[in-house]
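Structure assessment
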There are 2 protein chains.
Amino acid sequence: MASASAKHDVFQAIADPTRRSLLKLLGDGELPVTAISGHYPMSRTAVSKHLRILADAGLVRERKVGRETRYRLDPEPLLELKRWLSYYERYWENKMAALKRFVESDEDGSAPPAPLELVRKEPPGE
Amino acid sequence: MASASAKHDVFQAIADPTRRSLLKLLGDGELPVTAISGHYPMSRTAVSKHLRILADAGLVRERKVGRETRYRLDPEPLLELKRWLSYYERYWENKMAALKRFVESDEDGSAPPAPLELVRKEPPGE
DNA sequence: ATTATAGGAAACCAATTGGTTTCACGTCAA
DNA sequence: TTGACGTGAAACCAATTGGTTTCCTATAAT
């Protein structure tokens, strides 16, 4: 439900750092466009377009008040992201487990759980 | 550590549906490029470029084996995403709480779900 | 009534993106 | 050695993106 199957999905919406910043800013509460754009080095119009993209993705809600349009965070679509991420939990768990096994291994070295070269931090040879 | 300070960040990397699909595919294990590209309607070269972007973001690792290059998932950078997401947990919690309060609200109506209006912050000068 | 303010719409632009086709190179097989 | 296979690099292209400026319309405020 909620669907928000709009033309902008949440993945694409949060891909831009300005938009991620906007989400954070709008978490504090409702703000009109001009106030928002004051936080950014770009034009008000540019910010407005970012806001529209966020709104299309359902991440932000707009509300007209007099002559202003106030925006605020709607975190609901982030749940989709969370769901997507949760699929990968098992992988880090595996990795963590492998790492742990490696660290705790009583070095008979007979069954290296996984190559995992990420473990070693060579002193900077370069 | 890890840092993956590369030119492609994880947010941008997962913005593309093909790349998300690749991650899922590569979760099953190492695969060479041709085998991978067989799953997609686009050219091998196109898939290869997606793989490079994923690799730049640290989401995928490559390993040369004879004349093939095999790719596999590296979920580690997703932790950054998880961390980013976790910042917003409190918001859905609030929302959930508000919703719950609303649903459970019996008759007094004195506590509307969540006005959520915040006052305006300092006008950012001009 | 007139003027100033808030914000969206439109037209435009450069850079990036997602894709293609062609080519070159290293590796495996005959 | 000759040729086929697996892949990346390069050059190219259309569409999208992130931004701008200019204009237009509502809504205050005087």
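For the structure itself, look to the data block above.
Report on the accompanying structure. If you're wondering where the values come from, they're calculated on a predicted model, not measured in any experiment.

**Description of the overall build of chain A**
On a plain count of helices and strands, chain A comes out with six helices and three strands. Buried positions account for 40% of the 126 residues belonging to chain A. Across chain A, the fraction of contacts at a sequence separation of at least 24, relative to all contacts at a separation of at least 6, is 50%. Accessible surface, chain A as shown: approximately 7,800 Å² in total, 52% of it carbon and sulfur.

**Observations concerning helix H4 (residues 44-56) of chain A**
Over its 13 residues, H4 of chain A runs 18 Å from end to end, which matches the ideal 18 Å to within 8%, given 1.5 Å per residue. Looking at the residues trailing H4 of chain A, positive phi occurs at Gly 58 of chain A, about 80°.

**Observations regarding the packing of aromatic side chains**
Using the criterion set out here, one finds 10 aromatic pairs over all chains in the structure. Between Tyr 87 of chain A and Tyr 88 of chain A, the ring centres sit 4.8 Å apart and the planes meet at 80°, which makes this aromatic pair edge-to-face. Tyr 88 of chain A sits in the buried class, given a relative accessible area of 1%. When the centroid spacing of 5.5 Å and the interplanar angle of 75° are considered together, the rings of Phe 11 of chain B and Trp 84 of chain B count as edge-to-face. With a gap of 73 residues between them, Phe 11 of chain B in helix H1 (residues 10-13) and Trp 84 of chain B in helix H5 (residues 78-86) connect regions that are remote in the sequence. Like Phe 11 of chain B, the residue Trp 84 of chain B is buried in the burial classification. Following the ring pairs from residue to residue traces out a cluster consisting of Phe 11, Trp 84, Tyr 87, Tyr 88 and Tyr 91 of chain A.

**Some words on the pairing of strand S3 (residues 68-73) of chain B**
Consecutive residues of a regular strand have side chains that alternate between opposite faces of the sheet. All names here are of chain B. Pairing between strand S1 (residues 31-32) and S3: two bridges, direction antiparallel. Considered in S3, the bridge of Pro 32 is made with Arg 70. In this structure, strand S2 (residues 60-65) lies alongside S3, joined through six bridges in antiparallel fashion. By the bridge assignment, Arg 63 is partnered in S3 with Arg 70. Joining the antiparallel neighbours S2 and S3 is a turn of two residues, in which Gly 66 adopts a positive phi near 60°.

**Things to note about the nonpolar core**
Grouped burial of nonpolar side chains is what soluble globular proteins tend to show. In terms of nonpolar packing, the biggest core is built from 58 residues, with Ile 36 and Trp 84 of chain A together with Trp 84 of chain B touching the most fellow members. Not counting residues up to four positions away in its chain, the partners in contact with Ile 36 of chain A are Leu 22, Leu 25, Leu 26, Leu 31, Val 47, Leu 51 and Tyr 71 of chain A.

**Remarks on the interface of chain A and chain B**
Residue-level contacts link 40 residues of chain A with 36 residues of chain B. For the pair chain A and chain B, the summed buried surface comes to about 3,500 Å²; carbon and sulfur atoms form 65% of the total. Taken together, the connections running from chain A to chain B amount to two salt bridges. Salt-bridge contacts for Glu 89 of chain A lead to Lys 82 of chain B; the nearest nitrogen and oxygen are separated by 3.2 Å. Per-element tally for the side of chain A that touches chain B: the top contributor is helix H5 (residues 78-86) of chain A, with six residues. In terms of residue class, the side of chain A that touches chain B is built from 20 nonpolar, five polar and 15 charged.

**Topic: the side chain of Thr 18 of chain B**
Note that Thr 18 of chain B resides in helix H2 (residues 17-27). What Thr 18 of chain B contacts, discounting residues up to four positions off in sequence, is Tyr 40, Met 42 and His 50 of chain B.

**Considering the sheet that holds strand S3 (residues 68-73) of chain A**
Residues and elements named next belong to chain A. Pairing is antiparallel across the open sheet formed by three strands, whose spatial order is S1-S3-S2. Looking along the sheet, the strands with just one partner apiece sit at the ends: strand S1 (31-32) and strand S2 (60-65). Of the strands in this sheet, S1, S2 and S3 are in contact with helix H2 (residues 17-27), which crosses S3 at around 95°.

**Digging into the relation of the copies chain A and chain B**
Taken as rigid bodies, chain A and chain B are interconverted by a rotation of 180° and an axial shift of 0.0 Å, the fit giving an RMSD of 0.0 Å. What the rotation and shift describe, once combined, is the action of a two-fold rotation axis. Proximity to the rotation axis, assessed at the C-alpha, singles out Ala 15 of chain A in chain A; its C-alpha lies 3.0 Å from the axis. Interface residue correspondence from chain A to chain B reaches 72%, placing this contact among same-surface, isologous pairings.

**Description of the protein's contact with DNA strand C**
Taken together, 22 residues sit near DNA strand C, with Thr 34 and Ser 48 of chain A together with Ser 43, Lys 49 and His 50 of chain B positioned nearest. Protein-adjacent atoms of DNA strand C, using a 4 Å cutoff, are sugar or phosphate at a proportion of 61%. With respect to DNA strand C, the side chain of Ser 48 of chain A contributes an N or O atom lying 2.5 Å from a phosphate oxygen. Contacts to DNA strand C include Asp 16 of chain B, whose side-chain N or O atom sits 3.4 Å from a phosphate oxygen. Counting only elements with at least two residues in the surface near DNA strand C, the list comes to helix H3 (33-37), H4 and S3 of chain A together with helix H4 (44-56) of chain B. Here the residues of the surface near DNA strand C are counted per class, giving five nonpolar, nine polar and eight charged.

Procedures and definitions
Residues numbered from 1 in each chain as written. Chains lettered and ligands numbered in written order. Predicted model: local features only at pLDDT ≥ 70, side-chain atom pairs only at ≥ 80, totals over all residues. Heavy atoms only, no water. Helix = DSSP H or I, 4+ residues; strand = E, 2+ residues; numbered from the N terminus. Buried < 20%, exposed > 50% of the residue type's maximum accessible area, 1.4 Å probe, protein only. Contact = heavy atoms within 4.5 Å. Areas by Shrake-Rupley, 256 points an atom, 1.4 Å probe, with all protein chains shown as cover. Expected span 1.5 Å × (residues − 1). Phe/Tyr/Trp six-rings, centres within 6.5 Å; stacked < 30°, edge-to-face > 60°. Pairing = 2+ DSSP bridges. Core = buried A, V, L, I, M, F, W, Y, C linked by side-chain atoms within 4.5 Å. Buried area = accessible area lost by both parts, 1.4 Å probe. Salt bridge = Lys/Arg side-chain N within 4 Å of Asp/Glu carboxyl O. Nonpolar A, V, L, I, M, F, W, Y, C, P; charged D, E, K, R; others polar. Axes fitted to C-alpha atoms, helices over the stretch in contact; angles between N-to-C directions. Least-squares fit on C-alpha atoms with pLDDT ≥ 70 in both. Near = heavy atom within 4 Å. Polar contact = N/O pair within 3.5 Å; in protein donor to acceptor, adjacent residues only side chain to side chain.

Geometric descriptors of this kind do not, in isolation, establish any biological role.
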